[in-house]
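Below, each chain spelled out in residue letters.
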Amino acid sequence: EGGRPLGEGGARGRTRIFTMIFMIDEVTVYFPFPHIYKEQRDYMVELKHALDAKQHCMFEMPTGTGKTITLLSLITSYQLCHPHVPKLVYCTRTVPEMEKALEELRDLIKYRVSVLGEEGGNILALGLSSRRNMCIHEKISEESDRVAVDARCRSITASWVRNRKEADDSVEVCDYFEGYEKHGSQALLAPGVYTLEDLRNLGRERKWCPYFTARHMIRFANVIVYNYAYVIDPKISQIVARDIEKESILVFDEAHNIDNVCIESLSVNMNRRKLDAAAKNIQALNRSIAKSKEHNAAQLENEYKRLLQGLQGAGALAGMPITDQMNGSVGAPSGFAAELEQLIPGDIRQAQSFVDLMRKVLDYLKERLRTTQVEMTDNPTFVKALQTRMQLQDPKTLKFCAQRLKSLLYTLEVVDVDSYNPLCIVADFCTLIATHPQGFKIIIEPYDERLPNVADPILNLACLDASLAMKSIFEHFDSVVITSGTLSPIDLYPKILNFQPVVKCFEMSLSRQCIAPMIVTRGSDQMPLNARFQSRSDRSIIHNYGRLVVELSSVVPDGMVVFFPSYRYMEEVVTSWASGKILEQLTKHKLLFIETQDVVETTLALENFRKACDCGRGAVFFSVARGKVAEGIDFDKHYGRLVLIIGIPFQYTLSKILRARLEYMKEKYQIDESDFLTFDALRQTSQCMGRVIRSKQDYGIMVLADQRYARADKRSKLPGWIRQYTLDSNVNLSTDMAVLASKEFLAKMSKPQDIKEQIGKVLLTVDDILSHDDGIFAAPEPAILAKKNREEMAKRARDKDTADAAAATATGKGEGGGEGASKRGRSGGG
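Residues numbered from 1 in each chain as written. Predicted model: local features only at pLDDT ≥ 70, side-chain atom pairs only at ≥ 80, totals over all residues. Heavy atoms only, no water.

Draft legend 1. Spatial organisation of unusual backbone geometry. Residues Ser488 and Pro489 are joined by a peptide bond in cis, for which omega reads -5°. Unlike most non-glycine residues, Lys207 shows phi in positive territory, near 65°. By the element assignment, Lys207 lies in the loop between helix H8 (196-206) and helix H9 (210-217). On the accessibility criterion, Lys207 (46% relative accessible area) is partly exposed. At Glu413, a residue that is not glycine, the phi angle is positive and equals roughly 60°. Glu413 gets classed as partly exposed once you look at its relative accessible area, which sits at 31%. (Helix = DSSP H or I, 4+ residues; strand = E, 2+ residues; numbered from the N terminus. Buried < 20%, exposed > 50% of the residue type's maximum accessible area, 1.4 Å probe, protein only.)

Draft legend 2. Structural view of the pairing of strand E4 (residues 57-60). Residues Cys57 and Phe59 line one face of E4 and the alternating positions Met58 and Glu60 line the opposite face, and both faces are buried. Pairing geometry for E4 and strand E14 (residues 479-484), over four bridges, is parallel. The residue of E14 that forms the bridge with Phe59 is Thr483. Inspection of the sheet shows E4 paired to strand E15 (residues 502-505) by four bridges, in the parallel sense. Counted as the bridge partner of Met58 is Val503 from E15. (Pairing = 2+ DSSP bridges.)

Draft legend 3. Examining the packing of aromatic side chains more closely. What the rule picks out here adds up to 25 aromatic pairs. Seen from their ring centres, Tyr43 and Phe59 are 5.3 Å apart, and the 75° between their planes marks the pair as edge-to-face. One end of the pair, Tyr43, is in helix H1 (residues 38-52); the other, Phe59, is in strand E4, with 16 residues separating them in the sequence. Taken as a pair, Tyr43 and Phe59 share a single burial class, namely buried. (Phe/Tyr/Trp six-rings, centres within 6.5 Å; stacked < 30°, edge-to-face > 60°.)

Draft legend 4. A look at the nonpolar core. Counting residues in each nonpolar core, the largest one holds 174 residues, and the members touching the most others are Leu47, Tyr226, Phe252, Phe429 and Ile482. In contact with Phe429, other than residues within four places in its own chain, are Val268, Met270, Leu365, Phe382, Ile442, Leu459 and Leu461. If you look at the next biggest cluster of nonpolar residues, it comprises 78 residues, including Leu606, Phe621, Val624 and Val692. (Core = buried A, V, L, I, M, F, W, Y, C linked by side-chain atoms within 4.5 Å. Contact = heavy atoms within 4.5 Å.)

Draft legend 5. Molecular detail of the sheet that holds strand E8 (residues 223-227). Pairing is parallel across the open sheet formed by eight strands, whose spatial order is E7-E6-E8-E5-E9-E14-E4-E15. In the strand order of this sheet, the two ends are held by strand E7 (192-194) and E15, each with one partner. The average undirected angle you get between the axes of adjacent strands in this sheet is 15°. (Axes fitted to C-alpha atoms, helices over the stretch in contact; angles between N-to-C directions.)

Draft legend 6. Just the sheet that holds strand E10 (residues 268-271), in detail. The strand order across the open sheet built from four strands is E10-E13-E12-E11, with neighbouring strands paired in antiparallel fashion. Each edge of the sheet is formed by a strand with only one pairing partner; in this case those strands are E10 and strand E11 (375-377). Pairs of neighbouring strands in the sheet enclose a mean axial angle of 10°, with direction left out of account. In this sheet, strand E13 (residues 455-463) lies alongside E10 in antiparallel orientation, the contact comprising four bridges.

Draft legend 7. Structural view of the side chain of Gln687. Within the fold, Gln687 resides in helix H28 (residues 673-689). For Gln687, a relative accessible area of 2% puts it in the buried group. Among the polar contacts listed, one links the side chain of Gln687 to the side chain of His256, at a separation of 3.2 Å. The contacts of Gln687, once residues within four sequence positions are left out, are Arg93, Glu254, His256, Thr486, Ala630 and Glu631. (Polar contact = N/O pair within 3.5 Å; in protein donor to acceptor, adjacent residues only side chain to side chain.)

Draft legend 8. Representation of empty space enclosed by the protein within the structure. Taken as a whole and judged by the stated rule, the model has seven cavities of 30 Å³ or more. By volume, the largest cavity amounts to about 120 Å³. For the lining of the largest cavity, the residue count by class is 13 nonpolar, two polar and one charged. (1 Å grid on protein atoms, 1.4 Å probe; cavity = no way out; pocket = protein on both sides within 12 Å on 5 of 7 lines; lining within 4 Å. Points joined across faces, edges and corners; volume = space filled by probe spheres on them. Nonpolar A, V, L, I, M, F, W, Y, C, P; charged D, E, K, R; others polar.)

Draft legend 9. A look at the confidence of the model for the protein chain. Residue-level pLDDT values for the protein chain average 86, and 90% of them are 70 or greater. In the model, residues 312-318 has pLDDT below 50 throughout and makes 18 contacts with residues more than four positions away in sequence or in other chains. The low-confidence segment residues 332-341 (pLDDT under 50) makes 18 contacts with residues lying over four places distant or belonging to another chain. (pLDDT = per-residue confidence, 0-100.)

Draft legend 10. Region of interest: the pattern of salt bridges. All chains considered together, the criterion is met by 44 salt bridges. The salt bridge involving Asp198 is made with Arg106; its shortest N-O contact spans 2.0 Å. Of this pair, Asp198 sits in helix H8 while Arg106 sits in helix H3 (residues 95-116), and the two are 92 residues apart along the sequence. Its salt-bridge partner being Glu413, residue Arg164 comes within 3.8 Å of it at the nearest N-O pair. Residue Arg164 is found in helix H6 (residues 159-167), and its partner Glu413 is found in the loop between helix H18 (401-411) and helix H19 (421-435); the two are separated by 249 residues along the sequence. A cluster of three or more residues bridged by salt bridges with shared partners is formed by Asp259, Arg626, Arg661, Asp680 and Arg683. (Salt bridge = Lys/Arg side-chain N within 4 Å of Asp/Glu carboxyl O.)

Draft legend 11. The arrangement of H18 in detail. H18 sits mainly inside the fold: eleven of its eleven residues count as buried. Those residues of H18 that sit buried are Cys401, Ala402, Gln403, Arg404, Leu405, Lys406, Ser407, Leu408, Leu409, Tyr410 and Thr411. Looking at the residues trailing H18, positive phi occurs at Glu413, about 60°.

Draft legend 12. Structural view of the packing of helix H5 (residues 146-157) against H6. The N-to-C vectors of H5 and H6 enclose an angle of 40°; their axes lie 5 Å apart at closest approach. With respect to their mutual orientation, H5 and H6 come out oblique. Two secondary-structure elements touch here, H5 through Arg154, Ser155, Ile156 and Thr157 and H6 through Ser159, Val161 and Arg162. Of the residues assigned to the contact of H5 with H6, the class counts are two nonpolar, three polar and two charged. (Parallel < 35°, antiparallel > 145°, perpendicular 65-115°, else oblique.)

Draft legend 13. Spotlight on the packing of helix H14 (residues 297-307) against H18. Contact pair H14 / H18: the axes reach a minimum separation of 10 Å and the direction vectors enclose 145°. Taken as a pair, H14 and H18 cross one another with a handedness that is right-handed. Across from Gln299, Leu300, Glu303, Arg306 and Leu307 in H14, the residues of H18 making contact are Arg404, Ser407, Leu408, Tyr410 and Thr411. Of the residues assigned to the contact of H14 with H18, the class counts are four nonpolar, three polar and three charged. (Left-handed = near helix turned anticlockwise from the far one by under 90°.)

Draft legend 14. Representation of the side chain of Arg536. With respect to the secondary-structure elements, Arg536 resides in the loop between strand E16 (515-522) and helix H22 (539-555). Comment: no salt bridge for buried Arg536; closest opposite-charge side chain is Glu572, at 6.6 Å. Apart from residues lying up to four places away in sequence, Arg536 is in contact with Ala531, Ile542, Pro565, Ser566, Tyr569 and Glu572. (Lys, Arg positive; Asp, Glu negative; His and termini not counted.)

Draft legend 15. Geometry of H8. Those residues of H8 that fall on the buried side of the exposure criterion are Leu196, Leu199, Arg200, Leu202 and Gly203. Looking straight down H8, one finds its buried side chains confined to an arc of 160°; they lie on one side. On the buried face of H8, the contacting elements are H3, strand E6 (124-127), helix H4 (131-134), helix H7 (175-182), E7 and H9. Looking one or two residues past H8, Lys207 carries a phi angle of roughly 65°, positive in sign. (Arc of directions from axis to C-beta.)

What follows is the structure in structure tokens.
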């Protein structure tokens, strides 16, 4: 996390026993550093109480204060004390964040082993990502495209391909999957922490497929780390998350945009190109069905019989081999596998009848796209019109389109499933409109408003209610933890997600003020700085912003980051600065790099930006507040001594989808339009500000360059830990005053910091935290803890053996079955 007490005081590769062991009520907490921050202690206490009460919670903890290790320390200690909590499911946004969390956990478990002995490491933790990130096949792993990797993987691992291998030795199969199927599918990994790289190395060593090994081991793991989509997106969660126990603890880290993730997972858009591609998919299905009838009539007949048993019998999810499982249904309304108990309607059980239905749906959608006017309608109205046009007896049939298509692709032994993605989108659309009568809006636009002369009709099924994706999650799990360093303004999240969490924002304890938030409201000529849409093209304002960047670059060493509200405005400003010699003056002080919408270009620009900072030349990086850099790239240490946010990054308010969402939230949750827009813009601002401070040993200047930030209604919505260190003297600055304040701040930061001065103030010892009357107690000596843990583990093993033996006897399996079950349970890490 970067906020480690004493910086390098980690337990990585060491067996030294620190003394940071304490008890919160009955839970013995193991923290792998010699000191702890006050906010880390407070976070643990609040989280422990929330877990005891089986409550959901939203916690904002300042950036750079060790949030990840705090979460992991408390929850894994809680699991050790409460064996009824089987899993910690830790969700991140990116693969680097996933690997980082697993490395932190590895350090924690090493420390626990140093205290408790080998029993302290009796935990299984692993990461799971896509095939592209985990494949070790010599040829397939060279593919960079996710779709291509998935397709080629299925082409050599699908059950029917492997069956053909038995009759024809020339058929190619995956040696790694065959190795997994032969040994790994019945084996259990030894206790430990497995990153993606560890799983890949293990796969090479044992000839096991890392991806399917991880999928298999999820049910036995104590800690699982993967992407948000594996829980939120119903198409994926039914495959990956359906077996996770209710008593498990679910954590969403860096969750400031969780509502947007929810909405995207349930939204669909289609244009003419997608519908044309879907029509080709239907033609391909017709050919495959005809071929199947001619050469293997029993194939479709068997599917029909399975469909009579419901989706479970059809092998829609759990009934099929792991290699053949495709995404679930996008519209599962209540729980991860609720729809398995339902029956496919009779009018689409026959494969040809279903394909004919999809063709009629496709024809109707093409007709609706011929409109010359913007059309907006709700789901029930659209379903009724579709039902009338197609003469459909029961609209419920539409609800099962997505799952029926998956079953048909499986039956026809389709390997390149992703090539049918256009038709899958149409099927998802049918399922969503039939499943959700509220919370959606269908918007048909004949052209993009920004290009009104170019006919490019698009149909958007826009999810307006983020709580629809979270409802089943909140119902399924006892405790869901939503946390980030920049959740402020936090008050709207409970309304948007429609739940009642414990809400807490923690302050930042500093021995020296290592952040310097400033609000610059005027240029050097005393003219106001304001990048609102109506005045952002004003040449004097653009010039003053340019002078601000140049003046700051002349006094700030190393790296600077400048965020603009949009790509369009950044392009306009940079063009103006180039013609007005601003860029020429800027490059005298630092090199300039610019984010683009091309991922490869931006990655290269970031790499060279870091090189320029490393060699002492210094650099400025121009970025966009809602771009990839603002969300996932840290500019810690000398890479980000100053962050400058130009304007307030409001959303494009003329968007029909945004307007529909604003109206819906106003009607259902009484959220005012201006309140939501301000909330959304300032959480983006907070995220940008947090990019430059990743630990308490770091320091950085945060400049908000727009007079609107000085208003109380905007400042009050910034994170408390930023407001806490925003001096009144830095709230209404001109360019000259901001440059002077920056010089003074940097001069203070240039003095070396004595770590010893922080002990007892910022870095707390066990004695310091025991002095507070908040349920924290001294822990027994390590030797006593180790003995107690061994006794507890032995007792649990005996109890499990007894229970398994009794269950085996009751089912007629005898003593042998009970012993095998107990061994499997212990191998999973207790």
